[in-house]
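Each chain is listed here by its residues.
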Amino acid sequence: NRSDSGYLAEDRGALEAMRTRHGDCTEFSYLMVALCRANKIPARVVGGYVTQSDAVLAPYSYHNWAEIYINGNWLIADAQKGIWDPMRTDYIVFKYYSSLLNNDVGMNHRFRIDGDVKVLLL
């Protein structure tokens with residue numbers, strides 16, 4: 001039995017998720033990809049949003065999942081939600097994870113804040 005911890009500010013990794021069966025979407029996506037790659041199945045971690053209709057996307061709703069390459073197709077495996085190959089239209093990809101710093105947020109998986117931030121809710 002796995003346990004969703006809710007959002008964790010720091011990445012704890014695939015090994016921690018496997019040992020404790022605890023983590024957020026990031027840990028479970030890392031674990032799914034690690035297990036696939038250990039079995040020579042191409043896989044990657046993806047970040048973005050999951051929505052079933054029109055929505056206003058917010059940073060706190062960001063989600064990570066895995067994509068697994070099988071029979072010439074990338075299939076979604078959302079380990080945290082326990083969903084295999086859902087409707088692709090529900091998953092909005094914002095980022096393919098890499099160990100390379102090739103994006104504006106570096107290795108931060110949701111967003112990066114430089115300096116002071118002021119947020120007004122109207």
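Refer to the structure presented above.
Just so it is clear, the structure is predicted and the values come from calculations on it, not from any experiment.

Within the chain, the regular secondary structure consists of two helices and seven strands. Taken across its 122 residues, the chain has 35% of its residues classed as buried. Taking the intrachain contacts of the chain between residues at least 6 apart in sequence as the baseline, contacts between residues at least 24 apart amount to 44%. Summed over all atoms, the accessible surface of the chain reaches about 8300 Å², with 53% contributed by carbon and sulfur.

The next thing to look at is the packing of aromatic side chains. All told, the structure shown has four aromatic pairs when counted by the stated rule. On the numbers, 5.1 Å between centres and 70° between planes, the contact of Tyr 49 with Phe 94 is edge-to-face. Of the two residues, Tyr 49 is situated in strand E3 (residues 43-50) and Phe 94 in strand E7 (residues 91-96); the sequence distance between them amounts to 45 residues. Residue classification places Tyr 49 among the buried residues on the basis of a relative accessible area of 8%. In this structure Phe 94 comes out as exposed when scored by relative accessible area, which is 52%. On the basis of an interplanar angle of 55° and a centroid distance of 5.0 Å, the ring pair of Tyr 69 and Trp 74 is categorised as tilted. For Tyr 69, a relative accessible area of 36% gives the class partly exposed. Lying across the ring of Trp 74, Arg 44 places its NZ or CZ 3.8 Å from the centre.

Here we take up a nonpolar patch on the surface. Taken together, Leu 15, Met 18 and Leu 35 make up a surface patch of nonpolar side chains, about 280 Å² in accessible area. Within the secondary structure, Met 18 sits in helix H1 (residues 13-20).

A few words now on the pattern of salt bridges. A full pass over the atoms with the stated rule returns one salt bridge. Between Glu 67 and Arg 44 there is a salt bridge, and its shortest N-O distance comes to 2.7 Å. With Glu 67 in strand E4 (residues 63-70) and Arg 44 in strand E3, this residue pair connects regions lying 23 residues apart in the sequence.

Turning to the sheet that holds E3, a few remarks are in order. Spatially, five strands are ordered E6-E5-E4-E3-E7 in an open sheet, and the strand pairing comes out antiparallel. At either end of the open sheet lies a strand with only one pairing partner, and these are strand E6 (83-84) and E7. Two strands pair when backbone bridges link them, and E3 and E4 are joined in this way by six bridges, in the antiparallel orientation. Among the inter-strand pairings, Gly 48 is bridged to a residue of E4, identified as His 63.

So, about unusual backbone geometry. You will see that Lys 40, though not glycine, has its phi angle at about 60°, which is positive. Looking at where Lys 40 falls in the secondary structure, it is placed in the loop between helix H2 (25-38) and E3. Residue Lys 40 is classed as exposed on the basis of its relative accessible area of 76%.

Before going further, it helps to spend a moment on the nonpolar core. Formed by Val 33, Cys 36, Ala 43, Val 45, Tyr 49, Tyr 62, Ala 66, Ile 68, Ala 77 and Tyr 97, the largest nonpolar core amounts to ten residues. Considering each element in turn, this core owes the most residues, three residues, to E3.

Parameters at a glance
- Residues numbered from 1 in each chain as written.
- Predicted model: local features only at pLDDT ≥ 70, side-chain atom pairs only at ≥ 80, totals over all residues.
- Heavy atoms only, no water.
- Helix = DSSP H or I, 4+ residues; strand = E, 2+ residues; numbered from the N terminus.
- Buried < 20%, exposed > 50% of the residue type's maximum accessible area, 1.4 Å probe, protein only.
- Contact = heavy atoms within 4.5 Å.
- Areas by Shrake-Rupley, 256 points an atom, 1.4 Å probe, with all protein chains shown as cover.
- Phe/Tyr/Trp six-rings, centres within 6.5 Å; stacked < 30°, edge-to-face > 60°.
- Lys NZ or Arg CZ within 6 Å of the ring centre and 35° of its normal.
- Patch = residues over 30% accessible without salt bridge, like charges linked within 9 Å, V, L, I, M, F, W, Y side chains within 5 Å.
- Salt bridge = Lys/Arg side-chain N within 4 Å of Asp/Glu carboxyl O.
- Pairing = 2+ DSSP bridges.
- Core = buried A, V, L, I, M, F, W, Y, C linked by side-chain atoms within 4.5 Å.

Take it as geometry only, folks, not as evidence of what the structure does.
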